[in-house]
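Each chain is listed here by its residues.
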Amino acid sequence: MTAGDDLRNRLKVLRAERDWSQAELGGRLGVSRQAVNAIETGKYDPSLPLAFKLARLFDMRIEEIFDDGEYGAS
Amino acid sequence: MLFFRSAASHAGVGPSVTTLRVLTAVSLAAYPAGCLTMTLAPDGRGALFLYEAVGLALITLALITAAPVLGSRLQRIVGDEAKRLDEYELHLRHRAISAAYASFTGLTCLAVLYAALASDFGWWTPRGYDAFNAIFWGVFLYSSLLPTAFLAWKLEEGDLAHSEASA
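All values reported here derive from a predicted model rather than from experimental measurement.

**Q** Just checking my understanding: could you explain the confidence of the model for chain A for this structure?
**A** Close inspection of predicted coordinates is inappropriate in any region flagged by low pLDDT. Averaged over all residues, the pLDDT of chain A equals 86, while 86% of them reach at least 70. Mean pLDDT across the elements of chain A ranges from a minimum in strand E1 (residues 8-9) of chain A, with 87, to a maximum in helix H4 (residues 48-58) of chain A, with 95.

In structure tokens:
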């Protein structure tokens, strides 16, 4: 995914539902806590491979986690 | 780019982002200030000594303030091996190096413009080993610290904290 201004995500909610810390989620994804924080706060849009990893981890489709505003909130 | 990875801290040591802003700004300002002070020293033994002492002090200050930056978390993003960084850190590195490249190009253009004008107007131009040695280490310092300085001014403390509690 390219860096965009309007890409929102439900990462923080999904992570909270599983009671995972940012560091824990980062460990499961193979990225740093800072990367998870940047994605959650919308400062960084993950690459497509990382987005797929997230989708598999949460057992959801990518568009259920990320919303670019084109089709409304997922 | 340089990054000093100590045995104790592979992720880089942690001066705060604010501290890194101050350190990089002081280092990048003090080095050219010191060189200029020494270059512009007037004739006369007393004045020459004073200018050279102040110039050396400023250059020393630039090196002292650069030293802790070279092992910092931000310098790791800029200077560590790419395989040790995750995709977010690589993204930050790309932005930092792009911004530093633009700044460095601008400074180089200004230097060339100055050199062109200096020959016409009889201004100071670098001659000899001392002048070019100072320019070489200045270029080295700027190429090492400009990307880190960009990151220090772009990021906030929470962006780099190792735990959510401190973010």
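**Q** Can you help me understand the layout of surface pockets in this one?
**A** Leftover empty space is mapped by rolling, across the atoms, a probe with the size of a water molecule. Residues and elements named next belong to chain B. Roughly 1500 Å³ of volume is contained in the largest pocket. Around the largest pocket, the lining is made up of 38 residues, and of these Tyr-31, Pro-32, Cys-35, Ala-134 and Ile-135 lie nearest the centre. When contributions to the lining of the largest pocket are tallied by element, the ones reaching two or more residues are helix H1 (17-39), helix H2 (45-66), helix H4 (87-121) and helix H5 (128-154). Here the lining of the largest pocket takes 13 residues from H5, the largest share from any one element. Looking at the lining of the largest pocket, its residues break down into 29 nonpolar, 6 polar and 3 charged.

**Q** Looking at this model, I keep getting lost on the interface of chain A and chain B. Mind explaining?
**A** For an interface, size is often stated in terms of accessible area lost upon the parts coming together. If you look at the interface, chain A gives 17 residues, while chain B gives 14 residues. Both faces combined, the contact of chain A with chain B buries some 1200 Å², and carbon together with sulfur accounts for 44% of it. It is A:Arg33, A:Gln34 and A:Tyr44 in chain A that bury the most area against chain B; as a group they hold 47% of the surface buried on that side. Taken together, chain A and chain B are joined by 0 salt bridges. For the interface between chain A and chain B, the tally reads 3 residue pairs in polar contact (both at pLDDT 80 or more). Counting residues per element, the side of chain A that touches chain B draws most heavily on helix H3 (residues 33-40) of chain A, at 5 residues. Split by residue class, the side of chain A that touches chain B holds 7 nonpolar, 7 polar and 3 charged.

**Q** Would you explain the packing of aromatic side chains in this entry?
**A** The description of an aromatic ring pair rests on the distance of the ring centres and on the angle between the ring planes. All names here are of chain B. Scanning the model with the defined rule gives 6 aromatic pairs over all chains in all. Ring geometry for Trp-137 versus Phe-140: centroids 5.5 Å apart, planes at 80°, classification edge-to-face. Placement of the pair is Trp-137 and Phe-140 together in helix H5, with a separation of 3 residues, close to one helical turn. Looking at Phe-140, the relative accessible area reads 36%, which means it is partly exposed. Taken together, the aromatic side chains of Tyr-114, Phe-121 and Trp-123 make up a single cluster linked through ring pairs.

**Q** Sorry if this is basic, but what is going on with the side chain of B:Asp86 here?
**A** All names here are of chain B. Looking at the element boundaries, Asp-86 is found in the loop between helix H3 (73-79) and H4. For the buried Asp-86, no salt bridge exists, and the shortest N-O distance to an oppositely charged side chain is 6.6 Å, to Arg-76. There is a polar contact of 2.9 Å between the side chain of Asp-86 and the backbone nitrogen of Glu-89.

**Q** Would you take a moment to explain the packing of helix H2 (residues 22-29) of chain A against H3(A) for this structure?
**A** In a packed pair of helices, the relevant descriptors are the angle between the two axes and the axis-to-axis distance. Residue and element names in this part refer to chain A. For the pair H2 and H3, interaxial distance at closest approach is 8 Å and the crossing angle is 105°. By the angle between their directions, the pair H2 and H3 is classed as roughly perpendicular. Here H2 contributes Gln-22, Ala-23, Leu-25 and Gly-26 to the contact with H3, which in turn contributes Arg-33, Val-36, Asn-37 and Glu-40. Of the residues that constitute the contact of H2 with H3, the class distribution is 3 nonpolar, 3 polar and 2 charged.

**Q** Can you help me understand unusual backbone geometry in this one?
**A** One can expect most non-glycine residues to show negative phi and most peptide bonds to be in trans. One non-glycine residue, A:Asp19, adopts positive backbone phi at about 60°. For A:Asp19, the location among the structural elements is in the loop between helix H1 (11-17) and H2.

**Q** How should I be thinking about the packing of H1(B) against H5(B) in this particular structure?
**A** Residue and element names in this part refer to chain B. The N-to-C vectors of H1 and H5 enclose an angle of 160°; their axes lie 9 Å apart at closest approach. The angle between the axes of H1 and H5 places the two elements in the roughly antiparallel class. Crossing handedness for the pair H1 and H5: left-handed. Residues Val-17, Leu-20, Arg-21, Thr-24, Ser-27, Leu-28, Tyr-31, Pro-32 and Cys-35 of H1 lie in contact with H5, whose contacting residues are Asn-133, Ala-134, Trp-137, Gly-138, Leu-141, Tyr-142, Leu-145, Leu-146, Ala-149, Ala-152 and Trp-153. Residues of the contact of H1 with H5, tallied by class, amount to 15 nonpolar, 4 polar and 1 charged.

Quick notes on the rules
Residues numbered from 1 in each chain as written. Chains lettered and ligands numbered in written order. Predicted model: local features only at pLDDT ≥ 70, side-chain atom pairs only at ≥ 80, totals over all residues. Heavy atoms only, no water. pLDDT = per-residue confidence, 0-100. Helix = DSSP H or I, 4+ residues; strand = E, 2+ residues; numbered from the N terminus. 1 Å grid on protein atoms, 1.4 Å probe; cavity = no way out; pocket = protein on both sides within 12 Å on 5 of 7 lines; lining within 4 Å. Points joined across faces, edges and corners; volume = space filled by probe spheres on them. Nonpolar A, V, L, I, M, F, W, Y, C, P; charged D, E, K, R; others polar. Contact = heavy atoms within 4.5 Å. Buried area = accessible area lost by both parts, 1.4 Å probe. Salt bridge = Lys/Arg side-chain N within 4 Å of Asp/Glu carboxyl O. Polar contact = N/O pair within 3.5 Å; in protein donor to acceptor, adjacent residues only side chain to side chain. Phe/Tyr/Trp six-rings, centres within 6.5 Å; stacked < 30°, edge-to-face > 60°. Buried < 20%, exposed > 50% of the residue type's maximum accessible area, 1.4 Å probe, protein only. Lys, Arg positive; Asp, Glu negative; His and termini not counted. Axes fitted to C-alpha atoms, helices over the stretch in contact; angles between N-to-C directions. Parallel < 35°, antiparallel > 145°, perpendicular 65-115°, else oblique. Left-handed = near helix turned anticlockwise from the far one by under 90°.

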